[in-house]
Amino acid sequence: MNTTIAFPAAKPELKLPSHSSHPLPLEERRRMDADIEALRLREANLRDYEARLRAWQEQIDANPSPGGPAAPATAGRMPVEGDPVLKSAWDKLIRARELLEAEQAHLRDDRLNLKEAMAVLKRREEALALRDARVTQREEELHAALEASMAEQGKSSALARFTQAPFAMAKSVFSSKPRPQ
């Protein structure tokens, strides 16, 4: 059973529904019209470019030129057989390409490892900065507590001396006089 498939036309038309119930302001409508026109121009340019590319590809497929750009040779297959100098040069080119790919892979791995190491180093640096901030804060708290303790100790001893001074004086006066018997 043969069925025919109908494909859409090559140039589909863009149809936008009109929203008469929600009229747009004149400035917005003009901007939208300009945008639509720009899109139509781009679409036309892309169609022309696609047509040129297709024509060019058909021309290349129809007339392969021996001196023109050849299809890329696969690795390990020589484009021209029989010439030992060309074969040697081709083998060197293949080997150089393999070495280059290996170096690129190593370089990529090194970059990834370096990036990972930098991230670890940055995390450690942030943790160290956080720890340093905590230690500094704790030192400041301890220093403030020590100063407060020293100040309290100094105040209490001065206060104790001040309040006990009359008793000490009386004690010294009575202890220096001989007692009547």
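Each value, and the rule that gives it
- Residues numbered from 1 in each chain as written.
- Predicted model: local features only at pLDDT ≥ 70, side-chain atom pairs only at ≥ 80, totals over all residues.
- Heavy atoms only, no water.
- Helix = DSSP H or I, 4+ residues; strand = E, 2+ residues; numbered from the N terminus.
- Buried < 20%, exposed > 50% of the residue type's maximum accessible area, 1.4 Å probe, protein only.
- Areas by Shrake-Rupley, 256 points an atom, 1.4 Å probe, with all protein chains shown as cover.
- Salt bridge = Lys/Arg side-chain N within 4 Å of Asp/Glu carboxyl O.
- Patch = residues over 30% accessible without salt bridge, like charges linked within 9 Å, V, L, I, M, F, W, Y side chains within 5 Å.
- Lys, Arg positive; Asp, Glu negative; His and termini not counted.
- Charge placed at Lys NZ, Arg CZ, Asp CG, Glu CD.
- pLDDT = per-residue confidence, 0-100.
- Contact = heavy atoms within 4.5 Å.

## Things to note about the overall build of the protein
Now for step 1: Scanning the protein from N- to C-terminus turns up 2 helices and 0 strands.
Now for step 2: When each of the 181 residues of the protein is scored for burial, the buried share is 2%.
Now for step 3: For the protein, the accessible area works out to roughly 17800 Å², and carbon and sulfur atoms hold 60% of it.

## Digging into the pattern of salt bridges
Now for step 1: Within this structure, the stated rule accounts for 7 salt bridges.
Now for step 2: Two residues, arginine 29 and aspartate 33, come together in a salt bridge whose shortest N-O distance is 3.7 Å. Of this pair, arginine 29 and aspartate 33 both sit in helix H1 (residues 26–62), separated by 4 residues, roughly a single helical turn.
Now for step 3: Of the residues examined, arginine 29 reaches a relative accessible area of 42% and is grouped as partly exposed.
Now for step 4: Residue aspartate 33 is classed as partly exposed on the basis of its relative accessible area of 36%.

## Some words on a negative patch on the surface
Now for step 1: Taken together, the side chains of Asp132, Glu139, Glu140 and Glu141 present a region of like negative charge at the surface.
Now for step 2: Of note, glutamate 141 is situated in helix H2 (residues 84–176).

## Let's talk about a nonpolar patch on the surface
Now for step 1: On the surface, Tyr49, Leu53, Trp56 and Ile60 cluster together to form a nonpolar patch covering roughly 420 Å² of accessible area.
Now for step 2: On the secondary structure map, tryptophan 56 appears in helix H1.

## Re the confidence of the model for the protein
Now for step 1: In this model, the protein carries an average pLDDT of 81, and 72% of its residues clear a pLDDT of 70 or more.
Now for step 2: Throughout residues 71–75 the model reports pLDDT below 50, and contacts reaching past four residues in sequence, or to other chains, amount to 2 contacts.

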